Amino acid sequence: QVQLVESGGGLVQAGGSLRLSCAASGLSFSNYAMGWFRQAPGKEREFVGAISWSGLWTHCADSVEGRFTVSRDNAKNTVYLQMSSLKLEDTAVYYCAADRTASGSSIHTKHWEYDYWGQGTQVTVSL
């Protein structure tokens with residue numbers, strides 16, 4: 001079965017950095033676009049960033065542009081979210097997701113456009 005397992009979350013001070021990893025199994029990883037979403041209590045799941053299956057195209061939400069970077073290593077079946085200059089408002093559960101419907105440079109930004117989801121990893125940014 002398909003499994004996406006996030007890791008790397010934790011507690012970090014504002015201005016600090018974290019790198020999240022998402023290890024995928026049970027799917028042909030290189031044929032899936034991969035996305036990162038986050039959800040804070042009482043809020044809707046929010047698009048953070050995504051990367052095409054080839055790794056040639058990336059897109060991040062305006063709220064994290066310039067601070068977060070999405071990358072992938074298809075040989076390791078892993079997608080990463082490098083987070084820098086973290087802010088209090090970045091506190092959320094971060095989820096990785098796989099998108100099998102995207103093709104080529106297509107990058108989806110809506111959660112319903114993704115097919116598989118990890119369990120999430122908590123990122124807490126403190127003052």
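Along each chain, residues carry numbers from 1 onward, in the same order as the chain's sequence is written. In keeping with the predicted nature of the model, local features appear solely for residues at pLDDT of at least 70, side-chain atom pairs appear and are counted solely at 80 or more, and the whole-chain, interface and lining totals rest on all residues. Water and hydrogen atoms were dropped before computing side-chain values, which therefore reflect all heavy atoms in the structure.

### Side note on the state of the cysteines
In what follows, a disulfide is any cysteine sulfur pair within 2.5 Å. Counted under the stated rule, the structure contains 1 disulfide. Each disulfide pairs two cysteine sulfurs, and for Cys22 the partner residue is Cys96, the sulfurs being separated by 1.9 Å. Measuring handedness by torsion sign, the sulfur bridge of Cys22 and Cys96 sits at about 50 degrees and is right-handed. One end of the pair, Cys22, is in strand S3 (residues 18–25); the other, Cys96, is in strand S9 (residues 92–99), with 74 residues separating them in the sequence. Here Cys96 falls in the buried class, since its relative accessible area comes to 0%. Its sulfur unpaired, Cys60 is 15 Å from the next cysteine sulfur, which belongs to Cys96. Labels follow the DSSP assignment, with helices taken as runs of H or I lasting at least four residues and strands as runs of E lasting at least two, numbered in each case from the N terminus. A 1.4 Å probe rolled over the protein chains alone gives each residue an accessible area, and that area as a share of the maximum for its type sets the label: buried under 20%, exposed over 50%, partly exposed in between.

### Notes on the pairing of strand S5 (residues 46–51)
Along S5, 5 of the 6 residues are buried, which leaves the element largely enclosed by surrounding structure. We treat two strands as partners when DSSP finds at least two bridges between them. Between strand S4 (residues 33–39) and S5, which pair antiparallel one after the other, the connecting turn spans 6 residues, and Gly42 there sits at a positive phi close to 80 degrees. Joining the antiparallel neighbours S5 and strand S6 (residues 58–60) is a turn of 6 residues, in which Gly55 adopts a positive phi near 80 degrees.

### Considering the environment of Gly66
Examined against the element boundaries, Gly66 turns out to sit in the loop between S6 and strand S7 (68–73). Residue classification places Gly66 among the exposed residues on the basis of a relative accessible area of 72%. Through-space distance from the C-alpha of Gly66 to that of Leu127 is 21 Å; in sequence the pair is 61 residues apart.

### Some words on the packing of aromatic side chains
Aromatic pairing here means that ring centres of Phe, Tyr or Trp (its six-membered ring) are within 6.5 Å. Orientation follows from the plane angle: under 30 degrees is stacked, over 60 is edge-to-face, and everything else is tilted. Evaluation of the coordinates by the stated rule reveals 6 aromatic pairs. Residues Tyr95 and Trp117 carry aromatic rings whose centres are separated by 6.5 Å and whose planes lie at 80 degrees to one another, so their mutual orientation is edge-to-face. Of this pair, Tyr95 sits in strand S9 while Trp117 sits in strand S10 (residues 116–117); the two residues are 22 residues apart in sequence, bridging distant segments of the chain. Positioned over the ring face of Tyr95 is Arg45, at 4.0 Å from the centre of the ring. Here Arg72 stacks its cationic end above the ring of Phe29, 4.4 Å away from the centre of that ring. We count a charge as sitting over a ring when the NZ of a lysine or the CZ of an arginine lies within 6 Å of the ring centre and within 35 degrees of the ring normal.

### What to know about the nonpolar core
Nonpolar cores are built from buried Ala, Val, Leu, Ile, Met, Phe, Trp, Tyr and Cys residues. Side-chain atoms within 4.5 Å join them into one set. Core analysis: the largest hydrophobic core is formed by 34 residues, its most contacted members being Met34, Trp36, Leu81, Met83 and Tyr94. Among the elements of the structure, S3, S4, S5, S7, strand S8 (78–83), S9 and strand S11 (121–126) are those that each provide at least two residues to this core. Residue contributions to this core peak at 5 residues, all from S9. Whether two residues are in contact is decided by their heavy atoms, any of which lying within 4.5 Å being enough. Excluding residues within four positions of it along the chain, Tyr94 makes contact with Glu6, Leu20, Phe37, Arg38, Val48, Phe68, Leu81, Met83, Gly120, Thr121 and Val123.

### Here's the deal with unusual backbone geometry
Not every positive phi belongs to a glycine, and Asn77 is a case in point at roughly 50 degrees. Secondary-structure assignment places Asn77 in the loop between S7 and S8. The class of Asn77 is partly exposed, set by a relative accessible area of 26%. Unusually for a residue other than glycine, Ser85 sits at a positive phi of about 50 degrees. Turning to its location among the elements, Ser85 is positioned in the loop between S8 and S9.

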